[in-house]
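# Coordinate inspection notes
For reference, the chains in residue letters:
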Amino acid sequence: KMYSYRPPQGNAATKALTFGTFAIALILFLSPAAKLPYAGALQTLGLVFAMAGIMLCTRYLMTGYVYALEQNGECIDLVITEEKGKARRTVCRLSVNGATLTHSGKLPITEKKRKTYNYCPAAFDKNARWFFSPEAENEAVKLSVCDELLLALLSAGANYIDEE
């Protein structure tokens, strides 16, 4: 490995959203105790909020990513590994040579038809950037690039495009 970086997991907005979702679920589950009308419907809605909270928690608070740059012959590859507890698996491997990197997390209008993969460990990530590799013509990868060295290494083999 040339370089590896682990972006911080779950920003404050993600944690607040997850906590809020669970809080709403709890309040809705307890609605029969307050003798509210339609208590069954409110409990069902509480179940929906609980499922959403579980999804947010497992996706953003319990899942981390490691971005690694590896030499592969004459090319440099970006290898993304997903970590859930002790389990690790490689979810993405793309060449950096000739790739394109956006300035922000907004997907350019010209790229909207691509299949997207989000490997940011936090929702509402202000350091998110889109990465397009020439070897995956119909795919776009969203990364959390808040490390200056990683950005410099990615930029060495990639071009920049504006989203506007």
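First things first, this report covers the structure right here in the doc. (Residues numbered from 1 in each chain as written. Predicted model: local features only at pLDDT ≥ 70, side-chain atom pairs only at ≥ 80, totals over all residues. Heavy atoms only, no water.)

## Observations regarding the overall build of the chain
Within the chain, the regular secondary structure consists of 3 helices and 9 strands. Along the chain direction, N to C, the helices and strands of the chain fall in the order β-α-α-β-β-β-β-β-β-β-α-β. In terms of overall dimensions, the chain has a C-alpha envelope of 70 × 35 × 25 Å along the principal axes. In the chain, which comprises 164 residues, the proportion classed as buried is 41%. (Helix = DSSP H or I, 4+ residues; strand = E, 2+ residues; numbered from the N terminus. Buried < 20%, exposed > 50% of the residue type's maximum accessible area, 1.4 Å probe, protein only.)

## With respect to unusual backbone geometry
A positive phi is found at Tyr38, a non-glycine position, where the angle reads about 60°. With respect to the helices and strands, the residue Tyr38 is situated in the loop between helix 1 (12-29) and helix 2 (39-61). On the accessibility criterion, Tyr38 (69% relative accessible area) is exposed. The backbone phi angle of Phe124 is positive, close to 55°, even though this residue is not glycine. Within the secondary structure layout, Phe124 lies in the loop between strand 6 (115-118) and strand 7 (128-132). Relative accessible area serves as the criterion here: at 59%, Phe124 is assigned to the exposed category.

## Brief notes about the pairing of strand 2 (residues 63-72)
Of all 10 residues in strand 2, 8 are buried, a share of seventy percent or more. In terms of strand pairing, strand 1 (residues 3-5) meets strand 2 through 3 bridges, oriented antiparallel. Across the sheet, the residue bridging to Tyr5 is Tyr67, located in strand 2. Pairing of strand 2 with strand 3 (residues 75-84) involves 10 bridges; the strand directions are antiparallel. Counted as the bridge partner of Asn72 is Cys75 from strand 3. Where strand 2 folds back on strand 3, the antiparallel hairpin that results is connected by 2 residues, among which Gly73 adopts a positive phi of roughly 70°. (Pairing = 2+ DSSP bridges.)

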